[in-house]
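# Remarks on the overall topology
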Amino acid sequence: MDLRFKLNGREQSVSIAQDRRLLWVLRGELGLVGCKYGCGEGYCGACTVIVDGAAVRACQFPAREAAGREVLTIEGLAKDGKLHPLQQAFMEHDALQCGFCTPGMILAAYSFLLNNHKPDRKAIIAAMEGNLCRCGSYVRIVAAIQAAARRMYGG
Amino acid sequence: MSEVKLKLGIPGKYEERVVTLPEGEPKPYDADSKLSVVGSRHPRLDGFAKVTGQAKYAHDIRLPDMLYAALLSCPHPHARVKSLDTSAAENMPGVKAVVAAADQHVRFAGQYVAAVAAETLEQAERACRAIKVDYEPLPFVVDLEEARQPGAPKVFDNRDSNVRAADPTERGNLAEGFAAADAVVEATYKTQVQTHACMETHGLVAHWEAPDKLKVWSSTQGTFAARDNLARRFELGAENVEVITEYMGGGFGSKLGLRDFESAAVELARKAGRPVHLMVDRKFEHLSTGNRPNSVQVMKAGCTKDGKVTAWQVDSYGTSGIGGGAGVANPSVYDFPAVRKTSADVYTNAGPGCPMRAPGHPQGIFAVESMMDELAYKIGMDPVEFRRKNNSHPIRDAEFELGMKAIGWERRNQTPGAGPGPLHRGIGVASGRWSNVGERRNSRIQVRVAIHPDGGVEVENGAQDLGTGTRTIVGLLAAEELGLPVEALTVKIGHTSYPYGPASGGSSTAPGLAPTVRKAALLARRRLFEVVAPALQAQPEQLECRDGKITVVSDPGKTMDWKRACGLLGTTPINELATRSDNFDGWQAEAAGVQFAEVEVDVETGRVRVLKVVVVQDCGTVLDRLTAESQVIGAVIQGISYALLEDRILDRTTGVMVNPNLEQYKIAGSWDMPEIEAIMYDAAIGYNNAGVNGLGEPPVTPTAAAIANAVYNAAGLRMRELPITPWRVLAADAARRGGRS
């Protein structure tokens, strides 16, 4: 089928198999490899991308359901060469080690902060529970998200 | 050769040492070294690539005409492959090549038996299902205790039994030691099988550029080891094999060697004449790519009433599946006068164990530190005081002192389990150990530093960065030596076309590389000073470089900026290759590290929550405080995960893993994370010119023991088996109350 949607701010059209998951369309046909395969079963969050503002597991999300909607991947988060405050904070706080879970982490946090402008530590921890980091960077991930929220919304 | 005087030790305990160094060797870091970049809190150099999704892992490599590979695994825990028919699979749409495993005797459920390469992953997976395998199932055993019994199904036909005992080690007089003891504790400690569960599964992209020229992007912990393995396996000269690992998504010991299924992908690429991409799925990753073996440690130890351990005895065994090396070391953290240790590997029909972050240590130290705790409580002594009485390591002793203050040790329960209500809080302690100041001789390791006439600087070594921050410390060390900001350098790593670098095992990367980076940078700087000196009317040895300015030390008016200085090179860049020098004798080659855990135990639900962990960890010179702390924090979280959650469960009757995913095989998430205070303890240790000890492994070794000891202090429940799940806590509580568990 022919899939049309908005990808990182641009109209995108791609021919895909009906049953293909968004993860493989992004990584395969579209070459956006920032979206990672971690478990393929929706448990680890490494494949998290944003569809119409909501974080989804791309490994579970049928690509055809993206039709007419707006998809944001890690490649589209920085605007005009300027990093998003979350990206900046992840770097400064060293909220990553191997970096494999990082795109999914940042996008999960991005979606959370859209609706939570002044989250406390506990709310961030709860929101990030579904994204796994085997290197164990959670302490700094939570601190980075808190710092980014302050930068974005003050307080 | 030249002699230098070094100030080594820890605050309050410095001593002078005169060491002999080879010519050209930088003066080793010691307590008086004034460092500006090294030891700072510098964000990692590849942070930008990682937060923008630009970092390309092996999974992310895309080549023209690339095929995708899928693996077929054996569903039986033990079977002989009577026949394997690939003809139907070969004729399926998109399929370009099929290979079968050489070994027709399958010894665990999940073992790779065949592989297919096709235009798409879906086509390759479909074709795998079309391979017809006729298995003859054989008797199997997956349970550790069952496998030890006489008459158990044999994992290897050519062995008498599944048990392979190592030679016992004995030191001192054990009988005399027990006779001198006022208190004796006998206890058995058990640990589970843990899988590495790297976020990036095993995989590679293989590309034959010519019939005798192979290029592989691999998720590996050892680019050069992978290269050499591939060269041997495919009968190529090492110079015709290129391995690239610019980024990799975690290894923790599981990505040190070339696996049979990885070779299969390379073979598929050769057969198909096209590049092949292999990335194993999560289930295969759990089953086949390695694990930390389990252990049973039957122990007996005694001490005097004033707290000196007099005798220590341990008989341990464990299974590494079809692999070896399960025997737990019961590592020597403390000094005991009489020790007897035996250990045995037990073969089972399970995926092979392999090194996992401090092999043998988290399991061994869980038992050692639990026993230390039991002895301390038995004689009614402060558990920290008891440990310090049996410890001769000066760093560990100082770390206990710092850790006690940071956690508020006096807040612990004076009577374990005391207090009303179901919620109990308590504090536990444990110490770890590790030793890696680099191999005494390792002249294979080399680093190149180039200074170009336009002022650009390249630092090259082919080793990989697992996420530990290797790229960053290489940059910091070179920047320190050259007197430049780190941003002015280009660090090139993760490629076998660069000079030889170590595999990342045993926490050896930093102690292998750091001294060599310093040496190469120093050589390059000296060459530049030789060229610049005449222009500043000075001698080369009178010059220094700071913040990108070359200055005559005695006459600071005479100065030249870096770029102009490099312009004096004309057209010829400086290109210096340094070889790692041998280690010299230092002050302390063994890292210690102590951890204090505070927990809350709910004796009604059995739930244990870790509230806070204080870590005091040494690693010689701290090269980057920010990334060093990250490693320590990460190790603690892995330790919590091991202590409370992770368990590879094999079904005894079917022999298959029942939780091969990331839902039922639970690894710690943000919710399980306590407050963690990581204190890096600086020590000037010598041994190599950067004074560096490995850091990746030591902080993962004591966490589980500290938590188990905290559970005891909180609830009065001695947890002798990992993971400490709610039902184990409830069972222990029921047993204490005389009920049935």
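Residues numbered from 1 in each chain as written. Chains lettered and ligands numbered in written order. Predicted model: local features only at pLDDT ≥ 70, side-chain atom pairs only at ≥ 80, totals over all residues. Heavy atoms only, no water.

## So, the overall build of chain A
Along chain A, the regular secondary structure elements total five helices and five strands. N-terminal to C-terminal, the α/β element order of chain A is β-β-α-β-β-β-α-α-α-α. Scaling as 2.2 N^0.38, a compact globule of 155 residues should have a C-alpha radius of gyration of about 15 Å, and chain A matches this with 15 Å. If one aligns the C-alpha atoms of chain A with their principal axes, the spans along those axes are about 45 × 30 × 25 Å. For chain A, the centre of its 19 positive side-chain charges and the centre of its 14 negative side-chain charges are spaced 5 Å apart. (Helix = DSSP H or I, 4+ residues; strand = E, 2+ residues; numbered from the N terminus. Rg over C-alpha atoms; globule rule 2.2 N^0.38 Å. Lys, Arg positive; Asp, Glu negative; His and termini not counted. Charge placed at Lys NZ, Arg CZ, Asp CG, Glu CD.)

## Digging into helix α9 (residues 361-378) of chain B
Because each turn of an α-helix spans 3.6 residues, side chains separated by three or four positions end up pointing in the same direction. Residue and element names in this part refer to chain B. If you check α9, its first and last C-alpha atoms are 25 Å apart, about what 18 residues at 1.5 Å a residue would give, namely 26 Å. With 16 of its 18 residues buried, α9 lies for the most part within the structure. At the exit of α9 stands Gly380, carrying a positive phi of roughly 70°. (Expected span 1.5 Å × (residues − 1). Buried < 20%, exposed > 50% of the residue type's maximum accessible area, 1.4 Å probe, protein only.)

## Some points on the pattern of salt bridges
Residues and elements named next belong to chain B. Applying the stated criterion to the full structure yields 58 salt bridges over all chains. In this structure, the salt-bridge partner of Arg340 is Asp315, at a minimum N-O distance of 3.9 Å. With Arg340 in strand β20 (residues 339-346) and Asp315 in strand β19 (residues 309-319), this pair connects stretches of sequence that are 25 residues apart. One network of salt bridges, with partners in common, ties together Glu369, Asp373, Glu374, Arg387, Arg718 and Arg720. (Salt bridge = Lys/Arg side-chain N within 4 Å of Asp/Glu carboxyl O.)

## Considerations on the interface of chain A and chain B
Across the contact, 42 residues belong to chain A and 58 residues belong to chain B. Summed over both sides, the interface of chain A with chain B buries roughly 4,300 Å², with 61% coming from carbon and sulfur. Here chain A is connected to chain B by seven salt bridges. Arg27 of chain A is the partner of Asp60 of chain B in a salt bridge, and the nearest nitrogen-oxygen pair spans 2.9 Å. Applying the counting rule to chain A against chain B returns 29 residue pairs in polar contact (both at pLDDT 80 or more). Every element with two or more residues in the side of chain A that touches chain B is listed here: α1 (22-29), α2 (85-92), α3 (102-115), α4 (121-127) and α5 (138-153) of chain A. (Contact = heavy atoms within 4.5 Å. Buried area = accessible area lost by both parts, 1.4 Å probe. Polar contact = N/O pair within 3.5 Å; in protein donor to acceptor, adjacent residues only side chain to side chain.)

## Looking at the domain arrangement of chain B
All names here are of chain B. When its domains are assigned, chain B resolves into domain 1 (1-34 + 393-437 + 584-741), domain 2 (58-138 + 197-288), domain 3 (154-195 + 291-390) and domain 4 (440-579). When each unit is reduced to the centre of its C-alpha atoms, the spacing between domain 1 and domain 3 is 18 Å. Counting from both sides, the interface comprises 42 residues of domain 1 and, opposite them, 35 residues of domain 3. Here domain 1 and domain 3 share an interface that buries about 3,400 Å² over both sides, 54% of which is from carbon and sulfur atoms. Of all residues in domain 1, the largest losses of buried area upon contact with domain 3 belong to Tyr642, Arg648 and Arg720, amounting jointly to 22% of the total for that side. Our count for the domain 1 to domain 3 interface comes out at six salt bridges. Here Asp382 makes a salt bridge to Arg412, at a shortest N to O gap of 3.7 Å. (Domains from an automatic or database assignment.)

## Overview of the packing of α2 of chain A against α3 of chain A
What describes two packed helices is the angle between their axes and the distance between those same axes. Residue and element names in this part refer to chain A. Running from N to C, α2 and α3 point in directions that differ by 130°, and their axes come no closer than 10 Å. In this view, α2 runs oblique relative to α3, as classed from their interaxial angle. Read as a crossing pair, α2 and α3 show a hand that is right-handed. In this structure, α2 uses Leu86, Gln87 and Phe90 to contact α3, whose residues at the interface are Thr102, Met105, Ile106, Ala109, Tyr110 and Leu113. Looking at the contact of α2 with α3, its residues break down into seven nonpolar, two polar and no charged. (Axes fitted to C-alpha atoms, helices over the stretch in contact; angles between N-to-C directions. Parallel < 35°, antiparallel > 145°, perpendicular 65-115°, else oblique. Left-handed = near helix turned anticlockwise from the far one by under 90°. Nonpolar A, V, L, I, M, F, W, Y, C, P; charged D, E, K, R; others polar.)

## Focus: the side chain of Glu600 of chain B
Residues and elements named next belong to chain B. Inspection of the secondary structure puts Glu600 in strand β29 (residues 594-602). In this structure Glu600 comes out as buried when scored by relative accessible area, which is 18%. One polar contact links Glu600 to Arg425, side chain to side chain, over a distance of 3.0 Å. Beyond its immediate stretch of four places on either side in the chain, Glu600 contacts Leu423, His424, Arg425, Arg607, Val608, Arg609 and Leu611.

## Considerations on helix α15 (residues 625-644) of chain B
All names here are of chain B. Here α15 spans 29 Å end to end across 20 residues, near enough to the 28 Å set by a 1.5 Å rise per residue. Among the 20 residues in α15, 19 count as buried, and that is most of the element. Between a side-chain oxygen at the N-terminus of α15 and the backbone nitrogen of Leu626 the separation is 2.9 Å; the capping residue is Asp624.

## Observations concerning the domain arrangement of chain A
Put simply, an interface is often sized by how much accessible area is lost when its parts join up. All names here are of chain A. For chain A, the assigned domains read domain 1 (2-76) and domain 2 (85-153). For domain 1 versus domain 2, the separation of C-alpha centres amounts to 21 Å. The interface is formed by 17 residues belonging to domain 1 together with 13 residues belonging to domain 2. Taking both partners together, domain 1 and domain 2 bury about 1,200 Å²; carbon and sulfur atoms supply 65% of that area. By the criterion of area lost to domain 2, the three top residues of domain 1 are Lys36, Thr48 and Ile74, representing 37% of everything that side buries. Between the two partners, domain 1 and domain 2, sit zero salt bridges. The tally of links from domain 1 across to domain 2 stands at five residue pairs in polar contact (both at pLDDT 80 or more). Every element with two or more residues in the side of domain 1 that touches domain 2 is listed here: β3 (48-51) and β4 (54-57). Class assignment for the residues of the side of domain 1 that touches domain 2 results in ten nonpolar, five polar and two charged.

## Details of the nonpolar core
Nonpolar side chains tend to gather and get buried jointly when the protein is soluble and globular. Counting residues in each nonpolar core, the largest one holds 147 residues, and the members touching the most others are Phe90 of chain A together with Trp312 and Phe596 of chain B. Apart from residues no more than four positions distant in its own chain, Phe90 of chain A is found in contact with Ala95, Leu96, Thr102, Met105, Ile106, Ile141, Ala144 and Ile145 of chain A together with Val51 of chain B. (Core = buried A, V, L, I, M, F, W, Y, C linked by side-chain atoms within 4.5 Å.)

## Quick notes on the sheet that holds strand β8 (residues 132-137) of chain B
All names here are of chain B. An order of β6-β4-β8 is seen for the three strands of this open sheet, with the pairing classed as antiparallel. Two strands in the sheet have a free side with no partner beyond their single neighbour: β6 (105-106) and β8. The pairing of strand β4 (residues 79-85) with β8 spans six bridges and is classified as antiparallel. If you follow Ser83 over to β8, its bridge partner there is Asp134. (Pairing = 2+ DSSP bridges.)

## Structural notes on the confidence of the model for chain B
Averaged over chain B, the pLDDT score is 96; the fraction of residues at 70 or greater is 99%. What the predictor reports for the complex is a pTM of 0.97 with an ipTM of 0.99. (pLDDT = per-residue confidence, 0-100.)

## As for the packing of aromatic side chains
All names here are of chain B. A complete count under the given rule lists eleven aromatic pairs over all chains for this structure. Between Trp409 and Phe596, the ring centres sit 5.5 Å apart and the planes meet at 70°, which makes this aromatic pair edge-to-face. Placement of Trp409 in the loop between α11 (394-407) and β21 (423-431) and of Phe596 in strand β29 is noted, with a sequence separation of 187 residues between them. In this structure, Trp409 and Phe596 share a single accessibility class: buried. For the cation-ring pair, Arg396 lies above Tyr334, with the distance from its terminal atom to the ring centre recorded as 5.6 Å. Over the aromatic face of Tyr712 sits the side chain of Arg718, whose NZ or CZ is 4.2 Å from the ring centroid. (Phe/Tyr/Trp six-rings, centres within 6.5 Å; stacked < 30°, edge-to-face > 60°. Lys NZ or Arg CZ within 6 Å of the ring centre and 35° of its normal.)

## Let's talk about the sheet that holds strand β26 (residues 549-552) of chain B
All names here are of chain B. One open sheet accounts for three strands, arranged β25-β26-β27; its pairing is antiparallel. Edge positions in the sheet fall to β25 (543-546) and β27 (555-561), since each of these pairs with one other strand and no more. Each neighbouring strand pair of the sheet contributes to a mean axis angle of 30°, computed without reference to strand direction. In terms of strand pairing, β26 meets β27 through four bridges, oriented antiparallel. If you follow Thr551 over to β27, its bridge partner there is Thr559. Its contacts with the sheet put helix α13 (residues 509-532) on β25, β26 and β27, and the angle it makes with β25 is roughly 120°.

## Some details on the environment of Pro453 of chain B
Residue and element names in this part refer to chain B. Secondary-structure assignment places Pro453 in the loop between β22 (446-451) and β23 (457-460). Separated by 115 residues in the primary sequence, Pro453 and Leu568 place their C-alpha atoms 7.2 Å from one another. Excluding anything up to four places from it in sequence, Pro453 contacts Lys563, Cys566, Gly567, Leu569, Gly570, Thr571, Thr572 and Pro573.

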